[in-house]
Amino acid sequence: KQWYQRRVRGILVVNKPASFPIHTTGRFQYNTLLKTLELRLGYKLYTCHRLDRLTSGIIVLLKNPTKAKQFAALFRDHEVAKAYLALCAGRFPDTLGCSEPIQRVCHKLGICHVNREHGKPAHTDITRLHYDKESNTSLVLCKPKSGRMHQIRVHLAHHGHPIPNDPIYSRENWARKSTTEFSEELSRALFATDDIKIAMETSVKPEPASDEASKENEPTEAVLCGEPISNPDISAELLSTEMIDDVKKTEDSVSSGEQTTPHRVSGDGIKKTSEISLTPSGDFLLGDKIYKPIPQLSREPGCPECETTRLAPHPDDLFIYLHAIRYELAGGVYTSALPPWCKREWVP
């Protein structure tokens, strides 16, 4: 009940937690916002807009499907005043209006970028509310005038101030490559086949010979359905983001002490399995994060799915610094509380 912001005239306004998908998608069947609320309230609900799974904040739900279509038309026709809080890298300008067109590079995975030639019109007004010197981050108020996918995330990244914990648009590849190079690389990697499978092939030995040592310093080659990808940094990492529910498996070697054993691991936040080490307690260590394996209820010899260790996500991988704070539509104004990552003194 702490999610409910307001219930009036058949409208239910909810403060959606991060990492909670709105409706059934991919591997999420029942652990969704709609299914959870319908089970608790005892009646069916209808959506009129969306938020990304890792984004928190206001969601407007309706009990009547006809009214839901009317509200959806308001969002489609840009008649809704929306405001979001975001934490971005660096010192953001006092104010900025971004009108860069946005193109969806891959429809299946929902990856977008700025493309002035083929992108759709998009505009976001951004105002800096606070700059934190210690973390070198800025709290900004974003007011999108259109509703393109990942619009705020893309516009912030395009201007060199990405959301620090954004699993897609905060990567070095985004800033390092031009939009044309970025698009071409993704197209080669993502449109090769509908059945996306990526295998990271690594070989780690305790005392390699001189010629083998030189090979270890070479970049790891990513293979997409048998075809090498020219830049594995882009393809391998982007193919392991939170939207990819249909990636089959990531094959790699997981090191345990000085030994390296073949292992298959999968989980949110796992971007480079070659950097995962197995701890004595049976957990998996990636950087300073510990991932715990999800217990298997049954196991069948020879089953590829059973040979894959699924890791529970780390809490830091379950959200991004983006929160829908205020919506104004159909004569109503709906606001939510500040997200946990936003300090009260940061907001004027």
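From a predicted model like this one, the values you see are computed outputs, not experimental measurements.

When you look at the environment of Gly 287 in this model, what are you seeing that I'm missing?
In this structure, Gly 287 sits in the loop between strand E17 (284-286) and strand E18 (289-291). Sequence separation between Gly 287 and Ser 277 is ten residues; the distance between their C-alpha atoms is 9.1 Å.

Just to check I follow, could you spell out the pairing of strand E4 (residues 56-62) for this structure?
Residues in a regular strand point their side chains to alternate faces of the sheet. Here E4 lies mainly inside the structure; seven of its seven residues are buried. With six bridges connecting them, strand E2 (residues 11-16) and E4 associate as antiparallel partners. Directly across from Val 13, in E4, lies its bridge partner Val 60. By the bridge criterion, two bridges tie strand E3 (residues 46-47) to E4 in an arrangement that is antiparallel. Paired with Tyr 46 across the strands is Leu 62, a residue of E4. Across two bridges, E4 lies against strand E20 (residues 322-329) in parallel orientation. If you follow Ser 56 over to E20, its bridge partner there is His 323.

For this particular structure, what's the right way to read helix H1 (residues 33-41)?
Given 3.6 residues per turn, any residue in an α-helix points the same way as the ones three and four places further on. Along H1, the residues classified as buried are Leu 33, Leu 34, Thr 36, Leu 37 and Glu 38. Downstream of H1 by one or two residues, Gly 42 has phi in the positive range, about 85°.

Help me out: how do you make sense of helix H3 (residues 151-158) in this one?
The buried fraction of H3 amounts to seven of the eight residues, a majority that puts the element mostly inside the structure. Burial in H3 covers these residues: Gln 151, Ile 152, Arg 153, Val 154, His 155, Leu 156 and Ala 157. Looking one or two residues past H3, Gly 160 carries a phi angle of roughly 85°, positive in sign.

What am I meant to see in the packing of aromatic side chains here?
To describe a pair of aromatic rings, you give the distance between the ring centres and the angle between the ring planes. Across all of its chains, the model carries four aromatic pairs by this definition. Aromatic side chains Tyr 84 and Tyr 327 sit 6.1 Å apart centroid to centroid with 65° between the ring planes, which places their arrangement in the edge-to-face category. Of this pair, Tyr 84 sits in strand E5 (residues 81-89) while Tyr 327 sits in strand E20, and the two are 243 residues apart along the sequence. Residue class for Tyr 327 comes out buried when judged on its relative accessible area of 0%. For the ring pair Phe 319 and Tyr 321, a centre distance of 5.5 Å and an interplane angle of 70° mean the geometry is edge-to-face. Taken together, Phe 75, Tyr 84 and Tyr 327 form an aromatic cluster joined through their ring pairs. Geometry around Tyr 46 places Lys 44 over its ring, the cationic atom sitting 5.6 Å from the centre. Stacked on the ring of Tyr 43, the Lys or Arg Lys 63 has its end atom at 4.4 Å from the ring centre.

Quick question: what am I supposed to make of unusual backbone geometry here?
Comment: phi is negative for the bulk of residues other than glycine, and the bulk of peptide bonds are trans. Of note, the phi angle at Ser 19 is positive, near 65°, even though the residue is not glycine. Its location among the elements puts Ser 19 in the loop between E2 and H1. Assessed through its relative accessible area of 18%, Ser 19 is described here as buried. Positive phi values are uncommon outside glycine, yet His 78 reaches one of about 60°. By secondary structure assignment, the location of His 78 is in the loop between helix H2 (65-76) and E5.

About the thresholds
Residues numbered from 1 in each chain as written. Predicted model: local features only at pLDDT ≥ 70, side-chain atom pairs only at ≥ 80, totals over all residues. Heavy atoms only, no water. Helix = DSSP H or I, 4+ residues; strand = E, 2+ residues; numbered from the N terminus. Buried < 20%, exposed > 50% of the residue type's maximum accessible area, 1.4 Å probe, protein only. Pairing = 2+ DSSP bridges. Phe/Tyr/Trp six-rings, centres within 6.5 Å; stacked < 30°, edge-to-face > 60°. Lys NZ or Arg CZ within 6 Å of the ring centre and 35° of its normal.

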